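Topology and contacts: notes
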Amino acid sequence: MAKMTISLPDNLADYVARRVASGRYANASTYLAELVLRDQDHRKLDDEELREILMLAEESGISDRRIADILLETKAKLRDINL
């Protein structure tokens, strides 16, 4: 097992201490290890979703739409959902 030393701002260190004090985690290392594992799982999901999107895009064939039109449409959709 590797040992790491990290520095956190006081407010984050306090948060970690509260999570450990809740009794769910034995110590800060256990809590942080769980966060890293969750991040890994989330990252895998993102990669899998991206592969699926790319596969579907490739299977859809060549579009007759211009890139500029696609960008304008996408920007309009993002504006509509306040992004």
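Before any of the text, the structure's been laid out above.
As the structure is a prediction and not an experimental result, all values here were calculated from the model. What you see as residue numbers is a count from 1 along each chain, following the sequence as written. Selection of residues for local features in this predicted model requires a pLDDT of at least 70, selection of side-chain atom pairs for listing and counting requires 80 or more, and totals for whole chains, interfaces and linings are taken over all residues. Working from all heavy atoms in the structure, the side-chain values ignore hydrogens and water.

1. A word on the overall build of the protein chain
Within the protein chain, the regular secondary structure consists of 3 helices and 0 strands. The way it works is that DSSP assigns letters per residue, a run of H or I at least four long becomes a helix, a run of E at least two long becomes a strand, and they are numbered from the N terminus. Secondary structure of the protein chain in N-to-C order comes out as α-α-α. Relative to a compact globule of 83 residues, whose C-alpha radius of gyration would be 12 Å, the protein chain shows 22 Å and is clearly more extended. Dimensions of the protein chain, computed from the C-alpha atoms along their principal axes, are close to 60 × 30 × 20 Å. For the exposure calls, accessible area comes from a 1.4 Å probe over protein chains only, and a residue counts as buried if that area is under 20% of its type's maximum, exposed if over 50%, partly exposed in between. Counting the 83 residues in the protein chain, one finds 4% classified as buried. What sets the accessible areas is the Shrake-Rupley method with a 1.4 Å probe; for residues, cover comes only from the shown protein chains. As presented, the protein chain carries roughly 7900 Å² of accessible surface, and 57% of it is formed by carbon and sulfur atoms. Only four residue types enter the charge count: Lys and Arg as positive, Asp and Glu as negative, with His and the chain ends excluded. Note that the charge is assigned to NZ on lysines, CZ on arginines, CG on aspartates and CD on glutamates. One finds the centroid of the 13 positive side-chain charges in the protein chain at a distance of 5 Å from the centroid of its 16 negative side-chain charges. The atom set for the radius of gyration is the C-alpha atoms, and the globule formula is 2.2 Å times the number of residues raised to the power 0.38.

2. Observations regarding the packing of aromatic side chains
Working definition: rings of Phe, Tyr and Trp (its six-membered ring) pair if their centres are within 6.5 Å, and the pair is stacked with planes under 30 degrees apart, edge-to-face with planes over 60 apart, and tilted otherwise. All chains considered together, the criterion is met by 2 aromatic pairs. A centroid spacing of 4.9 Å and a plane angle of 75 degrees characterise the contact between Tyr25 and Tyr31, whose relative ring orientation is edge-to-face. Of the two residues, Tyr25 and Tyr31, both sit in the buried class. Members of the aromatic cluster, joined through ring pairs, are Tyr15, Tyr25 and Tyr31.

In short, the description is geometric, and any link to function would need to be established separately.
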